[in-house]
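Geometric and topological summary
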Amino acid sequence: MCRPTYFAVDYVINPWMDPSTPVDVDRAIAQWTTLADTYRRLGHTVELIEPIPGLPDMVFAANGATVIDGTVLGSQFRYPERTEEGPAYLNWFARNGFVTQEAKSTNEGEGDLLLTERYLLAGTGFRTDLDAHSQAQELFGRPVITLQLVDPRFYHLDTALTVLGGPAGVAYLPQAFSAGSRKVLRQLFPDAIIAREEDAAVLGLNAVSDGHRVVLPVQARGLAAQLTERGYQPVGVDLSELRKAGGGPKCCTLEVRD
Ligand code: ARG
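A brief look at the structure comes next. Since the model is a prediction, treat every value here as computed from it, not as a measurement. (Residues numbered from 1 in each chain as written. Predicted model: local features only at pLDDT ≥ 70, side-chain atom pairs only at ≥ 80, totals over all residues. Heavy atoms only, no water.)

**Quick word on the sheet that holds strand β10 (residues 208-209)**
The mixed open sheet is built from 3 strands, whose spatial order is β10-β11-β12. This sheet does not close on itself; its edge strands, each paired only once, are β10 and β12 (233-237). Judged from the 5 bridges that link them, strand β11 (residues 213-217) and β12 form a sheet pairing that is parallel. In the sheet register, P217 faces β12, and the bridge partner there is V237. Its contacts with the sheet place helix α1 (residues 25-41) against β10, β11 and β12, and it is angled at close to 150° to β12. Relative to the sheet, helix α6 (residues 221-229) contacts β11 and β12, its axis offset from that of β11 by approximately 170°. (Pairing = 2+ DSSP bridges. Helix = DSSP H or I, 4+ residues; strand = E, 2+ residues; numbered from the N terminus. Contact = heavy atoms within 4.5 Å. Axes fitted to C-alpha atoms, helices over the stretch in contact; angles between N-to-C directions.)

What follows is the structure in structure tokens.
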């Protein structure tokens, strides 16, 4: 995770960002701290990367890399405002003894690459490109399933779909995907939780699950109820300040799978 010390909304690279809306950095830091404490309370270890001035979106660690079996695929950001985050994250992993590979094309890490038990789900349409999907398949040896995103509000796969593990497998918002991708999702995850628009609109699908406990935005009440109904335990957190940049709990979290 990366503390939002230099958090701001001073450019626009997704429809959530409006530089005329004031951002309360202290509040963002407090909300982020609660998220980190929530992970610790649930038994996770939280590693921190040093924030860099001038990189306000660096708090969204999920985009910094993709880590599977201790191997790290670096990121290459679509927009110049975030370019420098790629090497910053990759260097962190190299310094900490991980095997790393640089991205060869636009790749926004675990914003668009989500690991399930059997597949690596890979979003495209707004950020990560198809060549990055091939690179990820070759590097990790996991079957990549390309999914086409169609709604600019849900510009990263992790805003439209959550990997839950457990009985449902995933939760997703069908209308965020192309018709073909919807069919693919229906085939692969027949028991999925189908999210409602109002929950996706508060970034409810930007969640982190350990297979049972699901950390999600507290505002996503309908999704929390659906999760409970299916035997999961929703753990609500408030990241309303970070949502002004288009991010939620999952965006603030890069899972280090060693
Ligand atoms: N402002 C950031 C961007 O548009 C938000 C990134 C959110 N991260 C995520 N994993 N969805 O790139």
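**A few points about the nonpolar core**
L121, L161, F177 and L223 are the most contacted members of the largest nonpolar core, which totals 37 residues. Counting residues per element, the ones that place at least two in this core are β6 (144-148), β7 (161-165), β8 (169-172), β11 and α6. The biggest single contributor to this core is β8, with 3 residues. Filtering out sequence-adjacent residues up to four positions away, L121 remains in contact with D112, L113, L114, T116, I145, L147, L157, L161 and F189. (Core = buried A, V, L, I, M, F, W, Y, C linked by side-chain atoms within 4.5 Å. Buried < 20%, exposed > 50% of the residue type's maximum accessible area, 1.4 Å probe, protein only.)

**Looking at the environment of Y79**
Tracing the sequence through the fold places Y79 in the loop between β2 (71-74) and α2 (85-95). Expressed as a C-alpha distance, the spacing of Y79 and P4, which sit 75 residues apart in the sequence, is 19 Å. With residues near it in sequence (within four places) discarded, Y79 still touches I13, E108 and R127.

**Brief notes about the side chain of N63**
Residue position: N63 is located in the loop between α1 and β1 (65-68). In this structure N63 comes out as buried when scored by relative accessible area, which is 3%. When near neighbours in sequence (up to four residues on either side) are disregarded, N63 contacts S75, F77, R82, E108, G109, G111 and H156.

**Things to note about the packing of aromatic side chains**
Scanning all chains against the criterion turns up 4 aromatic pairs. Ring centres 6.1 Å apart and planes at 85° place the aromatic pair Y172 and F177 in the edge-to-face group. A residue is classified by how much of its surface remains accessible, and Y172, at 2% relative accessible area, is buried. Grouping aromatic residues by their ring pairs yields a cluster made of W92, F93 and F98. (Phe/Tyr/Trp six-rings, centres within 6.5 Å; stacked < 30°, edge-to-face > 60°.)

**Observations concerning α6**
Here α6 has its buried residues at G222, L223, A224, Q226 and L227. Close packing links the buried residues of α6 with β7, β8, β9 (193-194), α5 (197-200), β11 and β12. The positive-phi residue at the C-terminal boundary of α6 is G231, with phi of around 95°.

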